[in-house]
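Examining the three-dimensional arrangement
Take a look at the letters that make up each chain.
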Amino acid sequence: MKVKAERTVNEAQTVVASAGSNVYISGAADERYSRQILFAPIGTQGQHKLAERSVSIIGMGALGTVLANHMVRAGVGKVRIVDRDYVERSNLQRQMLYDEEDADLALPKVIAAERKLKRINSSVSIEAIMADVTPANVLEFIENTDLVLDGTDNFQTRFLLNDACYHEGIAFVYGGAVGSRGMSAIFVPGLTPCLRCLIPSADSGGETCDTVGVISPVVDLVASYQSAEALKYLIGDDKARRDSLISFDVWNNHQHMLKLGQPRDNCPCCGLNKYPALEREGEATISLCGRDSVQIAGHPPFDLHVWAQKLEKAMPNLKMNPYLLRGFLPEGERLVLFADGRVLVQGTADPARARTIYARYIGG
Ligand SMILES: [Zn+2]
């Protein structure tokens, strides 16, 4: 009886609370964002600003999925997501928008993410682009956007984003995570230093998530720091902007803030008006892509049905979906053909070996 009585009291309180909310808040959109609107620095005005803003998230792995989740739930008007990869089982430990079915179907990350994000908030416009971000196309992916969010896992692409953003005068929120360590900062052209001012060379010391691993909590923390800066920037709360590079280690319990200070006079982007990563157009069609995986770009788009017929004798276990074709080679490696013309050779980290396999099955 006692339990029942308590429940009745709680139910009554809930009814009162929601009746109160209905008076105070009008419209389904306001109800959805009511807790965010109650947060004074955002308020109704900030919420309306978010609805008018757009972000581009480059990379939809561990960081990107958390970033997209936050941006879409917060009600940012347009969210563009860009990624070149498809979902695999090893992603599920930390890439929070994906599930086992996505991995079984080998869905492109942007397609799987778009489905989830639309279910989370149907009022946000999601633009999903499956592509490899290169010096030749990076500007397309950051155009007409208010803010670029770094969801990448390598310094080569990060520097490319940094240079492209500073070239176009678009703010860029950097984030990186490896092992149990993470760091994040927001860079605003004309106001703050850029990534190159802080880290002149793109050397990760050989430590990547593919060599030393990464735990999920540190990824969530980094992406949450990034998301908080994104919200501040998008509603124009400049006074709240964090003016330091935050770095931390959640396993060994360290935290450090490095004041950003002024842009360096001799920084290519901030001082010399040069954007080194953008100038490498046309370079390197072959790249290491995680552990034991080599990507070869440069082939025209593949007609996957035609290629399935060509390869089915050599690869009797071929699997195809509308975005890619993959299967095991008799040599032991796995070959993945993407509709956009990229080829992934998995099971080797040797570019020469990958070239040999490419020549054998694709040609050229
Ligand atoms: Zn700089």
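Look up: the structure comes first, before these words.
The structure contained in this document is the topic of the report that follows. (Residues numbered from 1 in each chain as written. Predicted model: local features only at pLDDT ≥ 70, side-chain atom pairs only at ≥ 80, totals over all residues. Heavy atoms only, no water.)

With respect to the overall build of the protein
Helix and strand counts for the protein stand at 14 helices and 14 strands. The buried share of the protein, taken over its 364 residues, is 47%. In the protein, the share of contacts with a sequence separation of at least 24, taken over all contacts with a separation of at least 6, comes to 64%. About 18,100 Å² of surface is accessible on the protein, with carbon and sulfur atoms providing 52% of the total. (Helix = DSSP H or I, 4+ residues; strand = E, 2+ residues; numbered from the N terminus. Buried < 20%, exposed > 50% of the residue type's maximum accessible area, 1.4 Å probe, protein only. Contact = heavy atoms within 4.5 Å. Areas by Shrake-Rupley, 256 points an atom, 1.4 Å probe, with all protein chains shown as cover.)

What to know about the pairing of strand β2 (residues 78-83)
Summarising burial for β2: five of the six residues are buried, a large majority. In this structure, strand β1 (residues 54-58) lies alongside β2, joined through five bridges in parallel fashion. Looking across to β2, one finds that Val 55 is bridged to Val 79. Considered for its hand, the β-α-β crossover made up of β1, helix α5 (residues 62-74) and β2 is right-handed. When β2 meets strand β3 (residues 125-130), the two strands line up parallel, connected through six bridges. Across the sheet, Lys 78 pairs through a bridge with Ser 125, a residue of β3. (Pairing = 2+ DSSP bridges. Right-handed = clockwise from strand over helix to strand, strands pointing away.)

Details of the coordination of the zinc ion
Only Cys 194 (SG), Cys 197 (SG), Cys 267 (SG) and Cys 270 (SG) from the protein coordinate the zinc ion, and they sit 2.2 to 2.3 Å from it. If you look at the zinc ion, its four donor atoms make angles of 101 to 125° with each other, and the shape they trace is tetrahedral. Mapped onto the polypeptide sequence, the residues donating to the zinc ion form the spacing pattern C-x2-C-x69-C-x2-C. Taken together, the residues span a long stretch of sequence, with Cys 194 in the loop between β6 (181-187) and α10 (195-198) and Cys 270 in the loop between β8 (254-259) and β9 (286-288) at a distance of 76 residues. In this structure Cys 194 comes out as buried when scored by relative accessible area, which is 0%. (Donors = N, O, S within 2.8 Å, 3.2 Å for Na, K, Ca; no water. Tetrahedral: all angles 85-135°; square planar, octahedral: opposite > 155°, others 65-115°.)

Some thoughts on the sheet that holds strand β5 (residues 171-178)
One open sheet holds the eight strands; their spatial order is β3-β2-β1-β4-β5-β6-β7-β8, and the pairing between them is mixed. Each edge of the open sheet carries a strand with a single partner, namely β3 and β8. Each strand of the sheet is rotated relative to its neighbour by a mean of 15°, with strand direction disregarded. Contacting β1, β2, β3, β4 (147-150) and β5, α5 crosses the sheet at an angle of about 165° to β1. (Axes fitted to C-alpha atoms, helices over the stretch in contact; angles between N-to-C directions.)

Brief notes about the environment of Phe 248
Among the structural elements, Phe 248 can be located in strand β7 (residues 244-249). Along the sequence, Phe 248 and Ser 184 sit 64 residues apart, while their C-alpha atoms lie 9.4 Å from each other. Excluding residues that lie within four positions of it along the chain, Phe 248 makes contacts with Ser 180, Arg 181, Gly 182, Val 218, Leu 221, Val 222, Tyr 225, His 254 and Gln 255.

A short note on the side chain of Asn 321
Mapped onto the secondary structure, Asn 321 falls in strand β11 (residues 319-321). The class for Asn 321 is buried, based on a relative accessible area of 13%. At 2.9 Å, the side chain of Asn 321 and the backbone oxygen of Leu 105 are in polar contact. A distance of 2.8 Å separates a polar side-chain atom of Asn 321 from the backbone nitrogen of Tyr 323. (Polar contact = N/O pair within 3.5 Å; in protein donor to acceptor, adjacent residues only side chain to side chain.)

Re the pattern of salt bridges
Applying the stated criterion to the full structure yields 17 salt bridges. Notably, a salt bridge pairs Arg 53 with Glu 52, separated by 3.9 Å at the nearest N-O pair. For Arg 53, a relative accessible area of 23% corresponds to the partly exposed category. Residue Glu 52 is classed as exposed on the basis of its relative accessible area, which comes to 60%. Lys 232 is paired through a salt bridge with Glu 229; the nearest N and O atoms lie 2.7 Å apart. Separated by three residues within a single helix, Lys 232 and Glu 229 lie in helix α12 (residues 216-235), roughly one turn from each other. For Lys 232, a relative accessible area of 24% translates into the label partly exposed. Salt bridges here are not isolated pairs; linked through shared partners, they connect Arg 89, Glu 100 and Asp 104. (Salt bridge = Lys/Arg side-chain N within 4 Å of Asp/Glu carboxyl O.)

By themselves, these figures tell us nothing about what the structure is for.
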